[in-house]
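This is what each chain is made of:
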Amino acid sequence: MFNAAEMSEIPLTSSVSKGCFVFKSASKKRKRHVGVEVLPSLHQLNKKVLDSLAEFIKKHGLGCSSDNWRQRARETPTAALMLGVNVPDHAMTFRSLCNLLQDSVTPFVVSVHAKECAAVKLLIQKVLEQLMGRGVSVDEEQEDDTALLQRTQCTISALCQWYKTVTKSLPVVVIFKDFEAFNSQVLQDFILICSRYTQELPFIFIFGIATSPSAIQHRLPHSVSSLLCIEVFHSLSRTQHLASVFDKLILNSQFPFKLSSRVIQVLVGIFLYHDFSVQNFVKGLQFSMLEHFKSQPLSMLCCQKQEALLSAKTLSKKNVERIRHLPSFMRYVETQEPQEQVQLLTNDEHVKVTLLFHNKLHVSCIEKNLWETEEYDSALQLLRILAKDELVAALRKCAEILKSTKILQNVLQQLEDFIGRLEALEGVSSEDSSGNGIISGKMEYQRTDLFQLQKTLLEKESRRTKRMNPYEVLRSQVIEFIDSLVREYLTPAELQPLNEVCYYSSSGVLRQRLNVTPRTSIQAALSHPFYYLQNESLKTDAGTISSAAPDLCIVYKLHLECGRLINLYDWLEAFLTVMSAAEDQDTNSEECGKYDSLKHARFIQAVSEMEFLGFIKSTKQKTDHVARLTWGGC
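Residues numbered from 1 in each chain as written. Predicted model: local features only at pLDDT ≥ 70, side-chain atom pairs only at ≥ 80, totals over all residues. Heavy atoms only, no water.

Caption draft 1: Structural detail: the environment of Leu301. You can see Leu301 is positioned in the loop between helix H13 (278-295) and helix H14 (306-309). As a C-alpha pair, Leu301 and Asn319 span 18 residues in sequence and 9.5 Å in three-dimensional space. (Helix = DSSP H or I, 4+ residues; strand = E, 2+ residues; numbered from the N terminus.)

Caption draft 2: Structural view of the packing of aromatic side chains. All told, the structure shown has 20 aromatic pairs when counted by the stated rule. Here the aromatic rings of Phe108 and Trp162 are separated by 5.6 Å at their centres, their planes lie at 80°, and the arrangement is edge-to-face. A residue pair is termed long-range when its members are at least 10 positions apart, and Phe108 in the loop between helix H4 (90-104) and strand S2 (109-112) and Trp162 in helix H7 (residues 156-166) qualify at 54 residues. Here Phe108 matches Trp162 in class, with each residue buried. Consider the rings of Phe176 and Phe205, whose centres lie 5.8 Å apart with planes at 80°: the pair is edge-to-face. In this pair, Phe176 sits in strand S3 (residues 172-176) while Phe205 sits in strand S4 (residues 203-209), placing the two residues 29 residues apart along the sequence. With respect to burial, Phe176 and Phe205 carry one shared label: buried. An aromatic cluster of three or more residues is present, and its members are Phe176, Phe179, Phe182, Phe190, Phe203, Phe205 and Phe207. (Phe/Tyr/Trp six-rings, centres within 6.5 Å; stacked < 30°, edge-to-face > 60°. Buried < 20%, exposed > 50% of the residue type's maximum accessible area, 1.4 Å probe, protein only.)

Caption draft 3: Here's a closer look at the sheet that holds S3. Spatially, five strands are ordered S2-S3-S4-S1-S5 in an open sheet, and the strand pairing comes out parallel. The open sheet has two edge strands, S2 and strand S5 (228-234), and neither has a second partner. Going across the sheet, the axis of each strand differs from the next one's by a mean of 20°, ignoring polarity. Across four bridges, the pairing between S2 and S3 is parallel. Opposite Val110, over in S3, you have Val174 as the bridge partner. Contacting S2 and S3, helix H5 (residues 120-132) runs over the sheet at an angle of about 140° to S2. (Pairing = 2+ DSSP bridges. Axes fitted to C-alpha atoms, helices over the stretch in contact; angles between N-to-C directions. Contact = heavy atoms within 4.5 Å.)

Caption draft 4: Layout of the packing of helix H30 (residues 551-559) against helix H32 (residues 597-613). Packing of H30 against H32 brings their axes to within 9 Å, and their N-to-C directions diverge by 70°. One finds that H30 runs roughly perpendicular with respect to H32. For the pair H30 and H32, the crossing hand works out as right-handed. Along the contact surface, H30 presents Asp551, Leu552, Val555, Tyr556 and His559, while H32 presents Arg602, Phe603, Ala606, Val607, Glu609, Met610 and Leu613. For the contact of H30 with H32, the class distribution of residues is eight nonpolar, one polar and three charged. (Parallel < 35°, antiparallel > 145°, perpendicular 65-115°, else oblique. Left-handed = near helix turned anticlockwise from the far one by under 90°. Nonpolar A, V, L, I, M, F, W, Y, C, P; charged D, E, K, R; others polar.)

Caption draft 5: Geometry of the pattern of salt bridges. Considering all chains together, one arrives at ten salt bridges under this definition. Residues Lys47 and Asp51 are paired through a salt bridge, measuring 2.9 Å at the closest nitrogen-oxygen approach. Here Asp51 and Lys47 lie together in helix H3 (residues 40-61), a separation of four residues that amounts to about one turn. By relative accessible area, Lys47 is classed as partly exposed at 39%. Across the salt bridge formed by Glu416 and Lys403, the nearest N and O atoms sit 3.7 Å from each other. Here the residue Glu416 occupies a position in helix H22 (residues 409-424), and Lys403 occupies one in helix H21 (residues 388-405), the gap between them amounting to 13 residues. Beyond isolated ion pairs, a larger network of salt bridges with shared partners links Lys317, Glu321, Arg324 and Asp348. (Salt bridge = Lys/Arg side-chain N within 4 Å of Asp/Glu carboxyl O.)

Caption draft 6: Spotlight on H7. Within H7, burial applies to Ile156, Ala158, Leu159, Cys160, Trp162 and Tyr163. Packed against the buried residues of H7 are H5, S3, helix H8 (184-195) and S4.

Caption draft 7: Region of the structure containing the nonpolar core. Phe176, Phe205, Phe207 and Leu220 are the most contacted members of the largest nonpolar core, which totals 38 residues. Only strand S1 (76-82), S2, H5, H7, S3, H8, S4 and helix H9 (214-219) provide two or more residues apiece to this core. Sequence-distant contacts of Phe205, defined by excluding residues within four places in its chain, comprise Thr76, Pro77, Thr78, Ala79, Val174, Phe176, Phe190, Ile191, Cys194 and Leu228. (Core = buried A, V, L, I, M, F, W, Y, C linked by side-chain atoms within 4.5 Å.)

Caption draft 8: Geometry of the side chain of Asn469. Considering the arrangement of structural elements, one finds Asn469 in the loop between helix H24 (450-466) and helix H25 (470-489). The buried category is assigned to Asn469, whose relative accessible area is 18%. Within the structure, Asn469 has its side chain in polar contact with the backbone nitrogen of Tyr471 (distance 3.1 Å). (Polar contact = N/O pair within 3.5 Å; in protein donor to acceptor, adjacent residues only side chain to side chain.)

Caption draft 9: Spatial organisation of the sheet that holds strand S10 (residues 625-628). Spatial strand order, S8-S10-S9: three strands in an open sheet with antiparallel pairing. Looking at strand neighbours, the two that pair on one side only are strand S8 (565-567) and strand S9 (616-618), the edges of this open sheet. Across this sheet, the average inter-strand angle for adjacent strands is 40°, counted without regard to direction. In the sheet, S9 pairs with S10 via three bridges, with the strands oriented antiparallel. Looking at S10, one finds that Ile616 is bridged to Arg628.

Below, the structure written as structure tokens:
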């Protein structure tokens, strides 16, 4: 008899015959799950809270007899880990926590699910299986004795006897992965039982909570919660995790694959309105990348280095022809001079030289023109009030970025020229350089109407514009230069040449694959079986029923023509009529309506499947009738 830990490590066999298979016991070194390595960025984000939990267990587990943190000897250290409602990410977090604790604190770590522990006896059995069953090999001669031992000694006292033979200093950590899902009485009984053995077994509990710390008060009465010394740990919010994914993957210049604005909206919408799962968000990115490289033959170009793009192997004649057929490249050719158009359409080498690739583009630029956003207007207004030192510092940062990337060298020269001219200005006071100086003269306070006030302010503004100092003139030139750069280089991705190579824009396919609605898929399959089966005989016009369709599809389409209550006899007659058309029988002949046991059985089976799928249910309102439960097609 194998326990749960051993069953997970037994290899699968491909034999189809019956027989006995003997497997050697696994080594004591536990295999690590690979889920953490798949998403290293998420693991790093959880590292802080996991390290805090490890320190908490070290503090209250090692040398617990001298710990002043406990108020009474029967109190059990408990960590309330607040993970949020993103349940799909919890499994990865707990795997990381178990691996960390077993490597650095204690090998005695148990994790339990509520669905496996409907009773306190099952909960204790799970704890003993994961602790006492670690590294134990079961021989055929000892199988019956071990099974009897597990059935008769699934108690905490048996665990105490085993613990004394193993160690006396390492804590025993029990992780409740889904605390809110556990039965309250099961939790209470288990905590009460464990509290009686605190001197013999150094238990430490970890509650995985998705809602709030008040869940502990709702699940446990004061008589039980008073036996716990609880400390709350908060993981990072899901929005912080998502922002990190954007920085490390989507906005990373070393990650050549990019997403269009609609695809980003689909992924973020699923994240915000479905599960808040960062892991599922990354899976959506992976699916988008696979779909892009599958559907776009030129997608491998975005993974090539700049010096490799001009090689004959990468840009073969076939690939150049594919480039010429891209809609974005055709739009680019239309904007060129006639001679340049001829070269781009006929000279392959000229196409290779003039290819435009870009590495990084902000999400705001992907969706629409950046200069049409409110944020851009606010940035320009800020530049218009910067003092000379602040403007020079900002321009120096831009120059340093251009030097490190070694692109746009002509822009770099112009920036350095502006910096030199700004530093050459002398005798500009801080008040004048900020552009906020006031016009001299006394304000005459007099009663005036709104029109006269507006006219006065416009006149003063015009006088101020005419009297701009040298710094303000140069600052305006700098702002105009920056604005021209933004309008030239930060155009939306859809307008960039060869955007199809690097950008994935099939938001409809992504929504269909990730944001699946089961009812819509079932209705589509029953209404249009050709969509899934790809059988030419199943093609039908709108409003018609194919006699070659599966029985379930025929019954489903017939039930759409009925009202709230469906007469089973009329339903059967309509089904037989459709089946007679498949056999080329006259629908008005006597043979058509004759009882056929085989067709009757097929109809009953199809109706049963309709009930199983939730489209109909039995009713007592009328004899031989069923009630329809769904309305509206796909």
